[in-house]
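# Structural features, examined
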Amino acid sequence: MADYYVHPSSFVDDGAVIGAGTKIWHFSHVMPGAVIGQRCNLGQNVVVMPGTRLGDNVKVQNNVSIYEGVELENDVFCGPSCVFTNVLNPRSHVSRKHEYRRTLVKRGSSIGANATIVCGVTLGEFAFIGAGAVVTSDVPSFGLMVGVPARRVGWMCQCGERLALDRGRAACAACGAAYEETGGVLRLTAAPRPA
């Protein structure tokens, strides 16, 4: 007996690997060669293609397709209808399967509803992509990205609150984590308070 849940309207093909405690909801399809970690939650109408990898505790909301070449590390959140690509210049009449570009979404990142992640980029740890943004280049850890094309407009705490920097330093009002910015890079200097 499987130690994960698949809604009767969904399909998990032979050769897919699904971790314990994962839930796959209505009208979704997990294809052979896909690897999904433990305690993940795939909403309605989600497609996970071959050659993809989802870490543990990944949340994928409704209407998201995760294409070959995309890797989501632990604790990633994908908002409703966000879009991943895997080829820069697709044409129906030209096969470009040998040109797939890797997209890496690092631990703890959140991607807002209807955001588009153009292939070949890396989203740093705990990056926060605003709804409707179009990401065309790498995103730094903790970066808050909005717009088309997406640009960094601030920094986000690992708990999901926006940070207010003062002379290159910030403390999160919600969880107490402390950060320091140097040369356009934000790093955690003190862990959050215990819950």
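As a reminder, the structure under discussion sits directly above these lines.
Nothing here was measured: the structure is a model prediction, and the numbers come from that model.

### Some remarks on the sheet that holds strand 12 (residues 70-72)
Read across the sheet, 6 strands follow the order 3-6-9-12-15-18 without closing on themselves; strand pairing throughout is parallel. Each edge of the open sheet carries a strand with a single partner, namely strand 3 (17-18) and strand 18 (122-123). One ladder, built from 2 bridges, connects strand 6 (residues 35-36) with strand 9 (residues 53-54); its direction is parallel. For Ile36, the partnering residue across the bridge sits in strand 9 and is Leu54.

### Examining the nonpolar core
Ranked by size, the top nonpolar core spans 34 residues in total, and within it Leu42, Leu72, Phe84, Ile111, Leu123 and Ile129 carry the most contacts. Once you skip the residues sitting within four places of it in the chain, Leu123 turns out to touch Leu104, Val105, Lys106, Ser109, Ile111, Ile117, Ile129, Val135 and Val139.

### Re the side chain of Ser28
The residue Ser28 is located in the loop between strand 4 (23-24) and strand 5 (29-30) in this model. A polar side-chain atom of Ser28 sits 3.0 Å from the main-chain amide nitrogen of Val46. Ignoring sequence-local partners within four residues, the contact set of Ser28 consists of Ser10, Phe11, Gly43, Gln44, Asn45 and Val46.

### Focus on the sheet that holds strand 2 (residues 11-12)
Spatially, 4 strands are ordered 2-5-8-11 in an open sheet, and the strand pairing comes out parallel. Looking along the sheet, the strands with just one partner apiece sit at the ends: strand 2 and strand 11 (65-66). Note: strand 2 against strand 5, 2 bridges, orientation parallel. Note on strand 5: the bridge partner recorded for Phe11 is His29.

### Details of the pattern of salt bridges
Counted under the stated rule, the structure contains 7 salt bridges. In this structure, the salt-bridge partner of Glu71 is Arg102, at a minimum N-O distance of 2.6 Å. One end of the pair, Glu71, is in strand 12; the other, Arg102, is in the loop between strand 14 (83-84) and strand 15 (103-105), and 31 residues separate them in sequence. For Glu180, the salt bridge is made with Arg187, and the minimal N-O distance between the two is 3.0 Å. Members of the salt-bridge network, linked through shared partners, are Arg169, Glu180 and Arg187.

### Digging into the pairing of strand 26 (residues 185-190)
Alignment of strand 25 (residues 178-182) against strand 26, held across 5 bridges, turns out to be antiparallel. Bridge assignment links Glu180 to a residue of strand 26, and that residue is Arg187. Hairpin connection from strand 25 to strand 26: 2 residues lie between these consecutive antiparallel strands, with Gly183 at a positive phi of about 60 degrees.

### Quick notes on the packing of aromatic side chains
Per the stated rule, a full pass over the model turns up 3 aromatic pairs. Ring geometry for Tyr5 against Trp25: centres 5.1 Å apart, planes inclined by 50 degrees, an arrangement best described as tilted. Of this pair, Tyr5 sits in strand 1 (residues 5-6) while Trp25 sits in the loop between strand 4 and strand 5, and the two are 20 residues apart along the sequence. A relative accessible area of 31% places Trp25 in the partly exposed class. When the ring of Phe126 is compared with that of Phe142, the centres are 5.8 Å apart and the planes differ by 10 degrees; the resulting orientation is stacked. Of the two residues, Phe126 is situated in the loop between strand 18 and strand 19 (128-129) and Phe142 in the loop between strand 20 (134-135) and strand 21 (143-146); the sequence distance between them amounts to 16 residues. The same class applies to Phe126 as to Phe142, namely buried. Clustering of aromatic rings is evident, with ring pairs tying together Phe126, Phe142 and Tyr179.

Rules used throughout
Residues numbered from 1 in each chain as written. Predicted model: local features only at pLDDT ≥ 70, side-chain atom pairs only at ≥ 80, totals over all residues. Heavy atoms only, no water. Pairing = 2+ DSSP bridges. Helix = DSSP H or I, 4+ residues; strand = E, 2+ residues; numbered from the N terminus. Core = buried A, V, L, I, M, F, W, Y, C linked by side-chain atoms within 4.5 Å. Buried < 20%, exposed > 50% of the residue type's maximum accessible area, 1.4 Å probe, protein only. Contact = heavy atoms within 4.5 Å. Polar contact = N/O pair within 3.5 Å; in protein donor to acceptor, adjacent residues only side chain to side chain. Salt bridge = Lys/Arg side-chain N within 4 Å of Asp/Glu carboxyl O. Phe/Tyr/Trp six-rings, centres within 6.5 Å; stacked < 30°, edge-to-face > 60°.

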